[in-house]
Amino acid sequence: MTSILNLSEKIMGKVHTKLTIINRADQILAENNIITEAEIRSITIDQVLVDTGATTLCLPPEIITKLGLKLLKEVNVSTATGIGKARIFQDAKISLFGREGTFECLELPGGRDTLLGVIPLEMLGLEPDLKNQTLKVLPSESVDTYLTIL
């Protein structure tokens, strides 16, 4: 029985990744020589949970504050405990596996871990590989590109 459980845990394992998040608004200010490159707020998190049950990037309030992200709107969200209110912030530029994109992020209740949801994964051409507990980088060039227009 133990060997079946161990095999099951390995196949259905969690995927964590290293993620850098940059305040894109700060980058724009630096590009226009309003602030210096050193003033661009960013953070690198080593153990971000890849969560295919989450729609977007989800950050705890302390990371949003450290990055200085601006509030975009308040929305209703569906959670395991029901419908609740959450705040959406803008201009979170993420970087991983040599790919970058700027996304909105949802504020998580305090103490929760950062989550990387399906929209950023799809936009960056990344796919969870649960068996190997990693992210698979999909091709962006040649006929096998993950980018499609149908």
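Look a little higher up for the structure.
All figures in this text were calculated on a predicted structure; none of them were measured in a lab.

1. Brief notes about the pattern of salt bridges
Enumeration over the complete set of coordinates arrives at 4 salt bridges. Among the salt bridges present, the one from D26 reaches R41, with a minimum N-O distance of 2.7 Å. One end of the pair, D26, is in helix α2 (residues 24–31); the other, R41, is in the loop between α2 and β2 (42–50), with 15 residues separating them in the sequence. Note on D26: relative accessible area 4%, which makes it buried.

2. A closer look at the pairing of strand β1 (residues 16–23)
As judged from the 6 bridges shared by β1 and β2, these two strands associate in the antiparallel manner. Directly across from I21, in β2, lies its bridge partner I43. Here 4 bridges tie β1 to strand β5 (residues 82–96), and the two strands are oriented antiparallel to one another. Bridge pairing in β5 links I22 to K93.

3. A look at α2
Buried residues of α2: D26, Q27 and A30, and no others. Take α2 and look down its axis: the buried residues cluster within an arc of 100°, on one side only. Looking at the packing, one finds that the buried side of α2 touches β1, α3 (61–67) and β5. Its side-chain oxygen at 2.9 Å from the backbone nitrogen of A25, N23 defines the N-terminal cap of α2. The first or second residue beyond α2 is N33, which carries a positive phi of 60°.

Definitions and cut-offs
Residues numbered from 1 in each chain as written. Predicted model: local features only at pLDDT ≥ 70, side-chain atom pairs only at ≥ 80, totals over all residues. Heavy atoms only, no water. Salt bridge = Lys/Arg side-chain N within 4 Å of Asp/Glu carboxyl O. Helix = DSSP H or I, 4+ residues; strand = E, 2+ residues; numbered from the N terminus. Buried < 20%, exposed > 50% of the residue type's maximum accessible area, 1.4 Å probe, protein only. Pairing = 2+ DSSP bridges. Arc of directions from axis to C-beta. Contact = heavy atoms within 4.5 Å. Polar contact = N/O pair within 3.5 Å; in protein donor to acceptor, adjacent residues only side chain to side chain.

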